[in-house]
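# A structural walkthrough
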Amino acid sequence: MATSTHTEVPSEHGKGVFPPFDPTTFPSQLVWLILTFAILYALMAKVALPRIGGIIEDRHKRVADDVAAAGKLKAESEAAVAAYEKALAEARARAQVIAAETRDKQAAEAETSRKTLEDQLNIKLADAEKTIAATKQKAMAEVRGIATDAAKAIVERLTGKAPADAAVSSAVDTALKS
Amino acid sequence: MADPIHQFQIVNLFPVAKVGDTQIMFTNSAAFMVAAVTVISIFLIAGSASRSLVPGRLQSMVELSYEFVANAIRSTAGSDGMRFFPFVFSLFMFVLTVNLLGLIPYTFTVTSHIIVTVTLAMSVFLTVLVYGFYKNGLHFFNLFVPKGIPIYILPLIVVIEVISFLSRPISHSVRLFANMLAGHITLKVFAGFVTLLGSAGAVGIAGAVLPLGLVVAITALELLVAFLQAYVFAILTCIYLNDAIHPGH
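Computed from a predicted structure; not experimentally measured.

## Observations concerning the overall build of chain A
Per the secondary structure count, chain A includes three helices and zero strands. Each helix and strand of chain A, ordered N terminal to C terminal, gives the series α-α-α. For 178 residues, the compact-globule formula gives about 16 Å, and the C-alpha radius of gyration of chain A, at 67 Å, lies well above that figure. Projected onto the principal axes, the alpha-carbon positions of chain A cover approximately 200 × 30 × 25 Å. Taken over 178 residues, chain A has a buried fraction of 15%. As presented, chain A carries roughly 13200 Å² of accessible surface, and 64% of it is formed by carbon and sulfur atoms.

In structure tokens:
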């Protein structure tokens, strides 16, 4: 395009001048540069840049909001976990208290019943011992009579005459003592 | 061999207006300026049209260019520099697009004309001057008086600072202009070798492989330069604007 149009208007500018230094082209370039750059500046400043800046700003805000929301949810879930653990610990403590109480109560009951049983048994034991002692005494007393009679009979059989009661009694007493 | 300068020729397409004795023309340069503005506007406005929370490819590119320029300003001129964001962004996108469009064969490179780069650089220079005096008043002159300099060499330093300040628009504009001009001339010269050797029989065609490879390599390099020069232009703009915002450093 440039080549063909150039040949149509070749003598427009200074001949033999290096084109970038040809002052006759300056006014047109200047006017168009100022015009196009002003339009570009206006478009950038009023339309494009506020829009792009807004998009980026929105994204930063959205990300910040999301992070904040996530942080809030995390704090909430941590609070819930803490509350759950506290409730669990309380329940466990209460259970231990109840268990300890029950254990103590049962131990106390067992102790009381054991004691009453022991007392009863002791009383029965004492009664039994008393009966045994009485029976023994009675038996011992009877043993002396039997022994005296037996000795009297033995002496009578051996000697053919009944011995004096007093002698037999003292002899039996002596034998029982030894 | 084709004239390597021919690609910089301004071609009048049709007249637009007459101011005094000067005829204002719609030229090939103007056509590419309009094309660049159209491309940038379509790219940015279409790319941000969906306003997606999760950006697509086009929107990613749009956001990338936005963040790229915004970060460049924040890192050089601080957050106060963001008031010039539309200006720096327009400059960067305009220079970049015009440079890249110029790399397409048979197109015209707007920034290969000194009047364009000088105008852009002067717009930066005047913005720095006007805003510097508006914001800081006479304290703007502190820019020329660095702190902690012994009094006996201060006059010399001030003179140097003033000269370096005044030469900024020159270096700012010539850097871009010369890079684009030289790159396109180099491309054209090597491409000329290819056609020249190619028309000289079988041996010539074999010999043309080397300049052809070079043209490919230089085209890749020029893509880098096109981006880099736009970036340098924008960064220098930020640094100069920083002087207007914080003249005392």
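There is more to say after this.
## Regarding the overall build of chain B
In terms of regular secondary structure, chain B is built from eight helices and two strands. Counting from the amino terminus, helix and strand elements in chain B follow one another as β-β-α-α-α-α-α-α-α-α. Looking at chain B as a whole, 46% of its 249 residues qualify as buried. As displayed, chain B offers around 11900 Å² of accessible surface, 74% of which is attributable to carbon and sulfur atoms. Both charge centroids of chain B, one from 10 positive and one from 8 negative side chains, sit 5 Å from each other.

## Looking at the packing of aromatic side chains
Residue and element names in this part refer to chain B. This model, assessed by the stated rule, comprises 24 aromatic pairs over all chains. With centroids separated by 4.9 Å and ring planes inclined at 70 degrees, the aromatic side chains of Phe 133 and Phe 140 adopt a geometry described as edge-to-face. Taking the centre distance of 6.2 Å and the plane angle of 45 degrees together, the rings of Phe 141 and Phe 144 count as tilted. Take Phe 141: its relative accessible area is 39%, and that puts it in the partly exposed class. Residue Phe 144 is classed as buried on the basis of its relative accessible area, which comes to 10%. Each member of the aromatic cluster is reached from another via a ring pair, and the members are Phe 125, Phe 133, Phe 140, Phe 141, Phe 144 and Phe 165.

## Quick word on the side chain of Gln229(B)
Inspection of the secondary structure assignment puts Gln229(B) in helix 8 (residues 209-245). If sequence neighbours within four positions are ignored, Gln229(B) has contacts with Asn99(B), Arg175(B), Leu176(B) and Asn179(B).

## Thoughts on the nonpolar core
In terms of nonpolar packing, the biggest core is built from 63 residues, with Leu44(B), Phe94(B) and Leu120(B) touching the most fellow members. Elements with a minimum of two residues in this core: helix 2 (26-159) of chain A together with strand 2 (22-27), helix 1 (28-47), helix 2 (57-77), helix 3 (85-102), helix 4 (114-136), helix 6 (168-198) and helix 8 of chain B. With 12 residues, the top contributor of residues to this core is helix 3 of chain B. What Leu120(B) contacts, discounting residues up to four positions off in sequence, is Leu33(A), Phe37(A), Leu91(B), Phe94(B), Val95(B) and Phe233(B). Among the nonpolar cores identified, the runner-up in size contains five residues, and Leu187(B), Val215(B), Ile218(B) and Ala226(B) belong to it.

## Notes on empty space enclosed by the protein
All names here are of chain B. Inspection of every chain in the model, using the stated rule, returns one cavity of 30 Å³ or more. Here the largest cavity defines a volume of roughly 30 Å³. Along the walls of the largest cavity sit Phe 125, Val 128, Phe 165, Arg 168, Pro 169 and Tyr 240, which together make up its complete lining. The class makeup of the residues in the lining of the largest cavity is five nonpolar, no polar and one charged.

## Points about the interface of chain B and chain A
On the chain A side, the residues contacting the 51 residues of chain B number 38 residues. Carbon and sulfur atoms make up 77% of the surface buried where chain B meets chain A, a total of about 4300 Å² over both sides. For chain B, the biggest contributors to the area lost against chain A are Leu53(B), Tyr66(B) and Ile115(B); these three give 13% of the whole. In this assembly, chain B and chain A are joined by one salt bridge. Residues Arg59(A) and Glu63(B) are paired through a salt bridge, measuring 2.8 Å at the closest nitrogen-oxygen approach. The tally of links between chain B and chain A comes to seven residue pairs in polar contact (both at pLDDT 80 or more). Listing elements by their share of the side of chain B that touches chain A, those giving two or more residues are strand 1 (12-19), strand 2, helix 1, helix 2, helix 3, helix 4 and helix 6 of chain B.

## Some words on the packing of helix 4 of chain B against helix 6 of chain B
Residues and elements named next belong to chain B. Running from N to C, helix 4 and helix 6 point in directions that differ by 145 degrees, and their axes come no closer than 8 Å. Regarding helix 4 and helix 6, the two cross each other, and that crossing is right-handed. Together, Ile 114, Thr 117, Val 118, Ala 121, Met 122, Val 124 and Phe 125 of helix 4 and Pro 169, His 172, Ser 173, Val 174, Leu 176 and Phe 177 of helix 6 make up the contact between the two elements.

## Some points on the environment of Tyr134(B)
With respect to the helices and strands, Tyr134(B) occurs in helix 4. Residues Tyr134(B) and Ile245(B), spaced 111 residues apart in sequence, show a C-alpha to C-alpha distance of 9.9 Å.

## Points about unusual backbone geometry
Residue and element names in this part refer to chain B. Of note in the backbone geometry, Arg 51 takes a positive phi value of approximately 50 degrees without being a glycine. Counting through the fold element by element, Arg 51 comes out in the loop between helix 1 and helix 2. Of note in this structure, Tyr 106 is not a glycine but carries a positive phi near 75 degrees. Note on placement: Tyr 106 falls in the loop between helix 3 and helix 4. Its relative accessible area of 75% is what places Tyr 106 among the exposed residues.

## A look at the confidence of the model for chain A
Residue and element names in this part refer to chain A. Of the residues in chain A, 91% reach a pLDDT of 70 or more, and the chain-wide mean stands at 86. The least confident element of chain A, judged by mean pLDDT, is helix 1 (residues 2-8) at 40; the most confident is helix 2 at 92. Note that residues 1-12 has pLDDT below 50 and, in this model, 11 contacts with residues that lie over four places away or in other chains.

Thresholds, definitions, all that
- Residues numbered from 1 in each chain as written.
- Chains lettered and ligands numbered in written order.
- Predicted model: local features only at pLDDT ≥ 70, side-chain atom pairs only at ≥ 80, totals over all residues.
- Heavy atoms only, no water.
- Helix = DSSP H or I, 4+ residues; strand = E, 2+ residues; numbered from the N terminus.
- Rg over C-alpha atoms; globule rule 2.2 N^0.38 Å.
- Buried < 20%, exposed > 50% of the residue type's maximum accessible area, 1.4 Å probe, protein only.
- Areas by Shrake-Rupley, 256 points an atom, 1.4 Å probe, with all protein chains shown as cover.
- Lys, Arg positive; Asp, Glu negative; His and termini not counted.
- Charge placed at Lys NZ, Arg CZ, Asp CG, Glu CD.
- Phe/Tyr/Trp six-rings, centres within 6.5 Å; stacked < 30°, edge-to-face > 60°.
- Contact = heavy atoms within 4.5 Å.
- Core = buried A, V, L, I, M, F, W, Y, C linked by side-chain atoms within 4.5 Å.
- 1 Å grid on protein atoms, 1.4 Å probe; cavity = no way out; pocket = protein on both sides within 12 Å on 5 of 7 lines; lining within 4 Å.
- Points joined across faces, edges and corners; volume = space filled by probe spheres on them.
- Nonpolar A, V, L, I, M, F, W, Y, C, P; charged D, E, K, R; others polar.
- Buried area = accessible area lost by both parts, 1.4 Å probe.
- Salt bridge = Lys/Arg side-chain N within 4 Å of Asp/Glu carboxyl O.
- Polar contact = N/O pair within 3.5 Å; in protein donor to acceptor, adjacent residues only side chain to side chain.
- Axes fitted to C-alpha atoms, helices over the stretch in contact; angles between N-to-C directions.
- Left-handed = near helix turned anticlockwise from the far one by under 90°.
- pLDDT = per-residue confidence, 0-100.

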